[in-house]
Amino acid sequence: MTQPPRPPFRPLSPLVRRDRGVDRPVPSEITPAALYHGRRQWLQQAAAGLAGAGLAAWASREAFAQGVPRPGQRAALPAARSAVAGAMVMDKPTPFDDVASYNNFYEFGTDKADPARTAGSLKTRPWTVSIEGEVKRAQVLGIDDLLKLAPMEERIYRLRCVEGWSMVVPWVGFSLAELVRRVEPTGNAKFVEFTTLADRAQMPGLRSSVLDWPYVEGLRMDEAMHPLTLLAFGLYGELLPPQNGAPVRLVVPWKYGFKSAKSLVRIRFVEKQPVSSWQRSAPEEYGFYSNVNPAVDHPRWSQATERRIGEGGLFAKRRPTLPFNGYEAQVASLYAGMDLKKHY
């Protein structure tokens, strides 16, 4: 496939602080400089998000293989164990309380605790997703139609945030490719653009100018068609909580978390590479591809290590970051011949 022209390479100069002899990211929390200067508030919110975390009951590898226990907070979303290669990592899942309370969802606020506190206003019924652009079968699908489009699968993915923390999340959904095939993209469709809900009546964070709303992300067509790229409707065996992107979101496990757009309302197939929200806001920091790469630092911090949420708090020992977030065997071929330091 012929690649579109890429922006010129900008040298990266990571800035990290030392804490107990370990390199740790500056606590910018992915926000622009105007927001990350509130360091003390960030630390308080992070500590609050971690304080109530308990350990999940994983007695053995066999128990793990039998499925993830439901928290019993939302309607069940039954699913079969996925057979997709790489879809069931053996890392211990992050406790549900952390997954549901430590979130980046700026439409509901820029602090980690804001979405869980304010997203209860999100109305997920009725809900529609518009399929547009270079497709033969453009259509508007209701959420119930989407839920019935393909069999639900349980997938346990690593989630790596560009801020330097990570989780392991048991998602429920199906490959985005199931939807793509049904809408029959034309030969002109080279990319897929995802647009999320932007409703000021429901989303108090939209009053902030941190980003241009609505939130927009994009994938190359072969990335969108990869079987690991997930349309997710649930986690921990239940429907998605609002703060986690209800009622339907994208999950791309080998990319930084901001590529996995939440609360989708439009999927558009296009010929030219979309400009994502973070590219528009800070192109020198957030590229289109945003593959997890320990060798390419963010301009303000190292990406060589990560902090796993739910494992010992803010100052727990960091773990090495894995290339492509540990999915190198499944996805590296998508980028054969590409300079991943240039196409970050």
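A brief structural summary. Every value quoted in this text rests on a predicted model; they were computed, and no experiment measured them. Once a new chain begins, its residue numbering starts again from 1 and follows that chain's sequence as written. Side-chain atom pairs in this predicted model are given and counted only at pLDDT of 80 or more, local residue features only at pLDDT of at least 70, and totals for whole chains, interfaces and linings cover all residues. The basis for every side-chain value is the complete set of non-hydrogen atoms in the structure, without hydrogens or water.

## Comments concerning the side chain of S263
- Tracing the backbone through its elements, the reader meets S263 in the loop between strand 12 (249-251) and strand 13 (264-270).
- Exposure classes here rest on a 1.4 Å probe applied to the protein chains alone. A residue is buried below 20% of its type maximum, exposed above 50%, and partly exposed in between. Under the relative-accessibility criterion, S263 is labelled buried at 1%.
- When sequence neighbours within four positions are dropped, the list of residues in contact with S263 reads F105, L122, W127, T196, L197, G245, A246, V248 and R249. Only DSSP runs of H or I covering at least 4 residues are called helices, and only runs of E covering at least 2 are called strands; the numbering of each starts at the N terminus. Contact criterion: two residues are considered in contact whenever any of their non-hydrogen atoms come within 4.5 Å of each other.

## Let's talk about the sheet that holds strand 9 (residues 216-220)
- Pairing between two strands requires that DSSP report at least two bridges joining them. Read from one edge of the open sheet, 5 strands run 5-4-13-8-9, paired in mixed fashion. In this open sheet, the two edge strands, each paired with only one partner strand, are strand 5 (139-142) and strand 9. For this sheet, the mean angle separating the axes of adjacent strands, direction not counted, is 20 degrees.
- Examined bridge by bridge, strand 8 (residues 191-196) and strand 9 share 5 bridges and lie antiparallel to one another. An axis is simply a line fitted to the C-alpha atoms; with a helix, the fit covers only the stretch in contact. Between two such axes, the angle follows the N-to-C directions and lies from 0 to 180 degrees.

## As for helix 7 (residues 176-183)
- Every buried residue of helix 7 is listed here: L176, A177, L179, V180 and V183. Buried positions in helix 7, seen along its axis, are confined to an arc of 160 degrees and lie on one side of it. Here the arc refers to the set of directions running from the helix axis out to each C-beta atom.

## Quick notes on the packing of aromatic side chains
- Any pair of Phe, Tyr and Trp rings, taking the six-membered ring for Trp, is counted once the centres come within 6.5 Å. Such a pair is stacked with planes under 30 degrees apart, edge-to-face with planes over 60 apart, and tilted for the rest. By the definition in use, this model includes 12 aromatic pairs.
- Between F258 and Y286, the ring centres sit 5.5 Å apart and the planes meet at 75 degrees, which makes this aromatic pair edge-to-face. You can see F258 sitting in the loop between strand 12 and strand 13 and its partner Y286 sitting in the loop between helix 9 (277-281) and strand 14 (305-308), a full 28 residues away along the chain.
- The class for F258 is buried, based on a relative accessible area of 9%.
- Given the relative accessible area of 2%, Y286 is considered buried.
- An angle of 90 degrees between the planes, with centres 5.3 Å apart, marks the rings of F288 and Y289 as edge-to-face.
- Taking relative accessible area as the criterion, Y289 reaches 1% and is therefore assigned buried.
- Following the ring pairs from residue to residue traces out a cluster consisting of F191, F288, Y289, F324 and Y335.
- K112 extends its terminal NZ or CZ atom over the ring of Y102, reaching a point 5.6 Å from the ring centre.
- Should the NZ of a Lys or the CZ of an Arg lie within 6 Å of a ring centre and within 35 degrees of the ring normal, that charge is described as sitting over the ring. Across the ring face of Y327, the terminal group of R158 is positioned such that the distance to the ring centre comes to 5.5 Å.

## Looking at the side chain of E285
- Take E285: it is sitting in the loop between helix 9 and strand 14.
- By relative accessible area, E285 is classed as buried at 16%.
- Within the structure, the side chain of E285 is placed 3.4 Å from the side chain of Y286, a separation counted as a polar contact.
- Not counting residues within four places of it along the chain, the set of residues in contact with E285 comprises H298, P299, R300 and Y344. For this analysis, a polar contact is any N or O atom pair within 3.5 Å, provided that within protein one partner can donate a hydrogen and the other can accept it, and provided that sequence-adjacent residues contribute only side-chain to side-chain pairs.

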